[in-house]
Amino acid sequence: MDRLARFEAVTGIIFAAFLAASIVVSGNTPNSDATGAGVILFYKANKNSQNSSAFWSVLAVVFFVFFGAVLWNRLRRRLAESPLPAAGLVGVALIAVGGAIFSSLTFALSDIPDKIDPSTAQALNVLNNDLFFPFAIGVAVFLIANGLAIARGGVLPRWLGWIGIVIGLTAPTPLGIIGFFGSGLWVLVASIIMLVRDLRSTPTPASAAMAAS
């Protein structure tokens, strides 16, 4: 396995790092019931951190898409006749769209907060808090489809597949916060397992020379 192939599994780890950075930098943003004036004051005082959070989130989405494609490819080769890997890839697309929406709304609020009128700021803040169904549906489809595929065809440990299914079922429910953080952790664990297996399967120079002789 060449270095580029080993990088495939690292995409999930990079995604998790960027997502964690976005969450830490963001902090506690205004709730959906915050007043327009309160929203403006918050984003004026935290303009730089919120801008940074938006861009970290964008980078997280980019690497998540790459990880989703890597996982799809590995599952597709094992389950060529199953629609589950394709369904998982649809989930990747929905998550990417949902994540891009949240990043865009955060940037819209933090770009020029002193030039937004209170009613607009309040509306954008409500959307930034509550426009989560595309993302939640994507998490559910991604984890349930890939979880079933892993439980059926291997590629990753079957216990990870069953855990993914459970997390995915929580995503579109009032327990969605579990789906959000759980999905990020699931991707991180899956990526680490894939990377370790890839490294173990890579022949050393000595073994490669022996095989060639």
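Nothing here was measured: the structure is a model prediction, and the numbers come from that model. (Residues numbered from 1 in each chain as written. Predicted model: local features only at pLDDT ≥ 70, side-chain atom pairs only at ≥ 80, totals over all residues. Heavy atoms only, no water.)

Trainee: Looking at this structure, how should I read the side chain of Ser82?
Mentor: Mapped onto the secondary structure, Ser82 falls in the loop between helix 3 (47-78) and helix 4 (84-111). A distance of 3.4 Å separates the side chain of Ser82 from the side chain of Arg152, its partner in a polar contact. (Helix = DSSP H or I, 4+ residues; strand = E, 2+ residues; numbered from the N terminus. Polar contact = N/O pair within 3.5 Å; in protein donor to acceptor, adjacent residues only side chain to side chain.)

Trainee: For this particular structure, what's the right way to read helix 6 (residues 133-153)?
Mentor: Think of an α-helix as 3.6 residues a turn; residues three or four steps apart then line up on the same face. Its 21 residues place the ends of helix 6 29 Å apart at the C-alpha level, agreeing with the 30 Å of an ideal helix rising 1.5 Å per residue. Taken from the residues just after helix 6, Gly154 is the one with a positive phi, measuring 80°. (Expected span 1.5 Å × (residues − 1).)

Trainee: Honestly, the pattern of salt bridges in this entry has me stumped. Any pointers?
Mentor: Should the charged atoms of two oppositely charged side chains come close, the side chains can pair. Using the criterion set out here, one finds 2 salt bridges in the structure. Glu8 is the partner of Arg74 in a salt bridge, and the nearest nitrogen-oxygen pair spans 3.5 Å. Here Arg74 is found in helix 3, whereas its partner Glu8 is found in helix 1 (residues 3-26), with 66 residues between them in sequence. Relative accessible area serves as the criterion here: at 13%, Arg74 is assigned to the buried category. The class for Glu8 is partly exposed, based on a relative accessible area of 33%. (Salt bridge = Lys/Arg side-chain N within 4 Å of Asp/Glu carboxyl O. Buried < 20%, exposed > 50% of the residue type's maximum accessible area, 1.4 Å probe, protein only.)

Trainee: Is there a simple way to explain a nonpolar patch on the surface in this structure?
Mentor: A surface patch of nonpolar side chains, amounting to about 460 Å² of accessible area, comprises Ile23, Leu175, Ile177, Ile178 and Phe181. Sort the elements by how many residues they give to the nonpolar patch and helix 8 (residues 176-201) lands first, with 3 residues. If you trace the backbone, Ile177 turns up in helix 8. Relative accessible area serves as the criterion here: at 54%, Ile177 is assigned to the exposed category. (Patch = residues over 30% accessible without salt bridge, like charges linked within 9 Å, V, L, I, M, F, W, Y side chains within 5 Å. Areas by Shrake-Rupley, 256 points an atom, 1.4 Å probe, with all protein chains shown as cover.)

Trainee: Help me out: how do you make sense of the nonpolar core in this one?
Mentor: The nonpolar side chains of soluble globular proteins are, as a tendency, buried together. Of all hydrophobic cores here, the largest spans 35 residues; its most connected members are Phe15, Phe142, Leu156 and Trp186. Counting only elements with at least two residues in this core, the list comes to helix 1, helix 3, helix 4, helix 6, helix 7 (158-170) and helix 8. Setting aside its immediate chain neighbours within four residues, Leu156 contacts Leu71, Ile150, Ala190, Ile193, Met194 and Arg197. Of all hydrophobic cores here, the second largest spans 10 residues; its members include Phe42, Tyr43, Leu109 and Ile116. (Core = buried A, V, L, I, M, F, W, Y, C linked by side-chain atoms within 4.5 Å. Contact = heavy atoms within 4.5 Å.)

Trainee: For this particular structure, what's the right way to read the environment of Ala45?
Mentor: Take Ala45: it is sitting in helix 2 (residues 36-45). On the basis of relative accessibility, which here comes to 62%, the residue Ala45 falls in the exposed class.

Trainee: Just to check I follow, could you spell out the packing of helix 4 against helix 6 for this structure?
Mentor: Helix packing geometry: the angle between the two helix axes and the distance between the axes. At a minimum axis separation of 7 Å, helix 4 and helix 6 run at an interaxial angle of 155°. Comparing the axis directions of helix 4 and helix 6 gives the class roughly antiparallel. Crossing geometry of helix 4 relative to helix 6 is assigned as left-handed. Residues Leu84, Ala87, Gly88, Gly91, Val92, Leu94, Ile95, Gly98, Gly99 and Phe102 of helix 4 form the contact with helix 6, whose participating residues are Pro134, Phe135, Ile137, Gly138, Val139, Val141, Phe142, Ala145, Asn146, Leu148 and Ala149. (Axes fitted to C-alpha atoms, helices over the stretch in contact; angles between N-to-C directions. Parallel < 35°, antiparallel > 145°, perpendicular 65-115°, else oblique. Left-handed = near helix turned anticlockwise from the far one by under 90°.)

Trainee: What's the story with the environment of Val25 in this structure? I'm lost.
Mentor: Among the secondary structure elements, Val25 is positioned in helix 1. For Val25, a relative accessible area of 30% corresponds to the partly exposed category. Along the sequence, Val25 and Val92 sit 67 residues apart, while their C-alpha atoms lie 24 Å from each other. Apart from the residues within four sequence positions on either side, Val25 is in contact with Ser49, Gln50, Ser52, Ser53 and Trp56.

Trainee: So what exactly am I meant to see when it comes to the confidence of the model for the protein here?
Mentor: A low pLDDT score tells you not to read the predicted coordinates there in detail. Residues with a pLDDT of 70 or more make up 92% of the protein, whose mean pLDDT is 91. Taken together, the stretch residues 205-213 has pLDDT below 50 and engages in 0 contacts with residues farther than four places along the chain or on a different chain. (pLDDT = per-residue confidence, 0-100.)

Trainee: Even after reading the chapter, I still don't get the packing of aromatic side chains, so can you show me in this structure?
Mentor: Two aromatic rings, taken as a pair, are described by how far apart their centres are and by the angle between their planes. With the rule as written, the count across this model stands at 11 aromatic pairs. Between Phe55 and Phe107, the aromatic rings sit 5.6 Å apart at their centres with planes inclined by 70°, giving edge-to-face as the arrangement. Of this pair, Phe55 sits in helix 3 while Phe107 is found in helix 4, placing the two residues 52 residues apart along the sequence. On the numbers, 5.8 Å between centres and 50° between planes, the contact of Phe135 with Phe180 is tilted. A residue pair is termed long-range when its members are at least 10 positions apart, and Phe135 in helix 6 and Phe180 in helix 8 qualify at 45 residues. A relative accessible area of 15% places Phe135 in the buried class. For Phe180, a relative accessible area of 25% corresponds to the partly exposed category. (Phe/Tyr/Trp six-rings, centres within 6.5 Å; stacked < 30°, edge-to-face > 60°.)

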